[in-house]
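Now for the letters of each chain:
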Amino acid sequence: MSTQLPFPVYLPNCQIINCQSLEKGYVLTAYSINNRAYCLLCQQVSNRSNGFYYRKPTDLPISDRSVQLKLRLRRFLCLNPACPRRTFSQPCPDWLPAYARHTSRLTQAQRNVAMMLDGKAGSRLLAHLHMPTSHDTLLRLIRKWQPTASPIPHALGVDDWAIRKAKTYGTILVDLERHQPSDLLEGRTAEGLRTGYKCILT
Ligand SMILES: [Zn+2]
């Protein structure tokens, strides 16, 4: 069943044109409002469309319903006659990494839960929050996480987390003022914590 959006949804640089309400959740159809792009090979700008392709990532849930996007992107003709590339794909918007099945904001929300709990507990909670993902995926998200440069924290919380339960553990440092992870350390020994703590201070 198609319906008008009964709520605002923020999708930068995109226009939502349809909302389907299905048993599983919402399907939002949208297109990119950028009508030109640069050839990935020769960097020539093009506005000559040569068809479309679709990406179907999962986004943050709305209320208690899951959300799948159906995002239409263009294929462009390269206007440079010397370029060996005849067509190229419009890049995804910033909020959707190439080849990702989830939007960046959904991945961030899942990673935050995983870091505050652990893989298994995080997976159970996320299922209740309509952002289901597996225990293994959460561990991958934690391992891939790169701390961003931020001021030296004044108050640190320390906890361990199971990379493989009863076998391999890591240590998570949490900035208690900003309520966000500050760093991840290998192992959970006092020596490892001392070394990691010195790195944060330098
Ligand atoms: Zn080109």
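Residues numbered from 1 in each chain as written. Predicted model: local features only at pLDDT ≥ 70, side-chain atom pairs only at ≥ 80, totals over all residues. Heavy atoms only, no water.

Student: I tried to follow the domain arrangement of the protein on my own but got confused; where do I start?
Tutor: How big an interface is tends to be reported as the loss of accessible area on association of its parts. Domain annotation of the protein identifies domain 1 (2–93), domain 2 (102–145) and domain 3 (151–202). Opposite the 11 residues of domain 1 that make contact, domain 2 presents eight residues. Of the roughly 740 Å² buried where domain 1 meets domain 2, counting both sides, 60% is carbon and sulfur surface. Across the salt bridge formed by Arg 105 and Asp 59, the nearest N and O atoms sit 2.6 Å from each other. Joining domain 1 to domain 2, the criterion identifies five residue pairs in polar contact (both at pLDDT 80 or more). Considering every element that reaches the side of domain 1 that touches domain 2, the biggest residue donor is strand 7 (residues 58–62), with four residues. Along the lines of polarity and charge, the residues of the side of domain 1 that touches domain 2 split into seven nonpolar, two polar and two charged. (Domains from an automatic or database assignment. Contact = heavy atoms within 4.5 Å. Buried area = accessible area lost by both parts, 1.4 Å probe. Salt bridge = Lys/Arg side-chain N within 4 Å of Asp/Glu carboxyl O. Polar contact = N/O pair within 3.5 Å; in protein donor to acceptor, adjacent residues only side chain to side chain. Helix = DSSP H or I, 4+ residues; strand = E, 2+ residues; numbered from the N terminus. Nonpolar A, V, L, I, M, F, W, Y, C, P; charged D, E, K, R; others polar.)

Student: Just checking my understanding: could you explain the sheet that holds strand 12 (residues 180–186) for this structure?
Tutor: Two modes of strand pairing occur in sheets, parallel and antiparallel, and in both the strands are linked by backbone hydrogen bonds. In space, the three strands of this open sheet follow the order 10-11-12, with antiparallel pairing throughout. Taken across any chain shown, the strands that pair with only one partner, and hence form the sheet edges, are strand 10 (156–164) and strand 12. Adjacent strand axes in the sheet meet at a mean angle of 30 degrees when their direction is disregarded. Note that strand 10 and strand 11 (residues 168–175) share eight bridges and pair antiparallel. Considered in strand 11, the bridge of Ala 162 is made with Tyr 169. (Pairing = 2+ DSSP bridges. Axes fitted to C-alpha atoms, helices over the stretch in contact; angles between N-to-C directions.)

Student: Explanation requested: the side chain of Thr 171 in the structure shown.
Tutor: Relative to the assigned elements, Thr 171 resides in strand 11. Polar contacts involving the side chain of Thr 171 include one to the main-chain carbonyl oxygen of Gly 187, which spans 2.6 Å. If near-sequence neighbours (up to four positions away) are discounted, Thr 171 is found in contact with Val 158, Asp 159, Asp 160, Trp 161, Asp 183, Leu 184, Leu 185, Gly 187, Arg 188 and Leu 193.

Student: In this structure, what is going on with the packing of aromatic side chains? I would like to understand it.
Tutor: Working definition: an aromatic ring pair is given by the centre-to-centre distance plus the angle between the planes. Counting across every chain of the model gives one aromatic pair. In this structure, Arg 65 packs its charged tip against the face of Tyr 26, placed 4.9 Å from the ring centre. (Phe/Tyr/Trp six-rings, centres within 6.5 Å; stacked < 30°, edge-to-face > 60°. Lys NZ or Arg CZ within 6 Å of the ring centre and 35° of its normal.)

Student: Is there a simple way to think about the coordination of the zinc ion in this case?
Tutor: Each donor-metal-donor angle would ideally measure 109.5 degrees in four-coordinate tetrahedral geometry, or 90 or 180 degrees in six-coordinate octahedral geometry. Every protein donor of the zinc ion is accounted for by Cys 39 (SG), Cys 42 (SG), Cys 78 (SG) and Cys 83 (SG), and the metal-donor separations fall at 2.3 to 2.4 Å. One can describe the donor arrangement at the zinc ion as tetrahedral, given that its four donor atoms subtend angles of 98 to 115 degrees at the metal. Sequence spacing of the donor residues for the zinc ion, all on one chain, is C-x2-C-x35-C-x4-C. Remark: Cys 83 occurs in the loop between strand 8 (65–77) and strand 9 (87–89) and Cys 39 occurs in the loop between strand 4 (37–38) and strand 5 (45–46); sequence separation between them is 44 residues. Residue classification places Cys 83 among the buried residues on the basis of a relative accessible area of 12%. (Donors = N, O, S within 2.8 Å, 3.2 Å for Na, K, Ca; no water. Tetrahedral: all angles 85-135°; square planar, octahedral: opposite > 155°, others 65-115°. Buried < 20%, exposed > 50% of the residue type's maximum accessible area, 1.4 Å probe, protein only.)

Student: Even after reading the chapter, I still don't get the pairing of strand 7, so can you show me in this structure?
Tutor: Side-chain direction in a regular strand flips from residue to residue, so the side chains alternate between the two faces of the sheet. Bridge count between strand 7 and strand 8: three bridges; the pairing is antiparallel. Across the sheet, residue Thr 58 finds its bridge partner in strand 8, namely Gln 68. Following strand 7, the chain reverses through two residues before pairing antiparallel with strand 8; Ser 63 in that reversal takes a positive phi of roughly 55 degrees.

Student: What's the story with the side chain of Ser 123 in this structure? I'm lost.
Tutor: Structurally, Ser 123 is set in helix 2 (residues 119–128). The residues touching Ser 123, leaving out its near neighbours within four places in the chain, are Asp 118, Thr 133, Ser 134, His 135 and Leu 138.

Student: Can you help me understand the nonpolar core in this one?
Tutor: One recurring pattern in soluble globular proteins is that nonpolar side chains are buried together. In terms of nonpolar packing, the biggest core is built from 17 residues, with Met 115, Ile 142, Trp 161, Ile 172 and Leu 184 touching the most fellow members. Elements with a minimum of two residues in this core: helix 1 (104–116), helix 3 (135–144), strand 10 and strand 11. When residues of this core are assigned to their parent elements, the largest contribution, five residues, is made by helix 1. Split by domain, this core shows at least three residues from each of two domains, domain 2 (102–145) and domain 3 (151–202). Setting aside residues no more than four positions away along its own chain, Trp 161 makes contact with Leu 139, Ile 142, Thr 168, Tyr 169, Gly 170, Thr 171, Ile 172 and Leu 184. (Core = buried A, V, L, I, M, F, W, Y, C linked by side-chain atoms within 4.5 Å.)

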